[in-house]
Amino acid sequence: QTVSLTGMGAQAAAVSLSPQSLAFGPENAGLTTAPRTATLSNIGSALLSISNIAMGDGDWVDFHQTNNCGSTMPVGSSCTISVTFSPSPGIIGSVHSTIYITDNASDSPQRISVNATGMPPVTPPGTYWVTVDGDGAGYTHTVQLTATVQ
């Protein structure tokens, strides 16, 4: 006996993420970088359902993520994930975090690695005086230095 079957194979959502890492140069505490972006594309054959896009791991509080992805993406569509870095005053040196994208694609969650370097706060403009006292050979020496930050 022969049985004829017709139909379509199962459709699946699949994603492309570019780039998969974002790097920021050094940034002073209290300032915010220009955004870096990554593109999420639905390259599968079914609707992509996004349940969450969020920062996690590491120093995530110093990175801020926004996106225009929505909760669903039709086949062939793309969206942008933007990240800025705004180091806290105590953050000096290398920091990292990860953006997790949770969806119905088989390789979920997708990840974007985020790396940056925190620097001390910028000294505000103004004039500063420093007095240095020295004692030697029975003489006391006082030197006053003036520094102007513009």
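Structure: see above.
Described below are features of the structure shown in this document.

Parameters at a glance
Residues numbered from 1 in each chain as written. Predicted model: local features only at pLDDT ≥ 70, side-chain atom pairs only at ≥ 80, totals over all residues. Heavy atoms only, no water. Disulfide = S-S within 2.5 Å. Helix = DSSP H or I, 4+ residues; strand = E, 2+ residues; numbered from the N terminus. Buried < 20%, exposed > 50% of the residue type's maximum accessible area, 1.4 Å probe, protein only. Pairing = 2+ DSSP bridges. Axes fitted to C-alpha atoms, helices over the stretch in contact; angles between N-to-C directions. Core = buried A, V, L, I, M, F, W, Y, C linked by side-chain atoms within 4.5 Å. Contact = heavy atoms within 4.5 Å.

With that settled, consider the state of the cysteines. Counted under the stated rule, the structure contains one disulfide. Linked covalently through their sulfurs, cysteine 69 and cysteine 79 form a disulfide whose S-S length is 2.0 Å. On the sign convention where negative means left-handed, the S-S torsion of about 80° between cysteine 69 and cysteine 79 marks this disulfide as right-handed. Here cysteine 69 is found in the loop between strand S5 (63–67) and strand S6 (72–73), whereas its partner cysteine 79 is found in strand S7 (residues 78–85), with 10 residues between them in sequence. In this structure, cysteine 69 and cysteine 79 share a single accessibility class: buried.

So, about the sheet that holds strand S1 (residues 15–18). If you walk across this open sheet you meet the four strands as S1-S3-S7-S5, and the pairing is antiparallel. What marks the edges here is a single partner per strand, and that holds for S1 and S5. Across the sheet, the mean angle from the axis of one strand to that of its neighbour is 20°, orientation sign disregarded. One ladder, built from four bridges, connects S1 with strand S3 (residues 36–42); its direction is antiparallel. Counterpart to serine 18 in the pairing with S3 is threonine 39.

In a soluble, globular protein the nonpolar side chains are often hidden away together inside. With 26 residues, the main nonpolar core has Leu40, Phe63, Ile99 and Ile112 as its most contacted residues. In contact with isoleucine 112, other than residues within four places in its own chain, are Leu17, Pro19, Gln20, Ser21, Leu22, Ala38, Ile81, Ser97, Thr98, Ile99 and Ile101.

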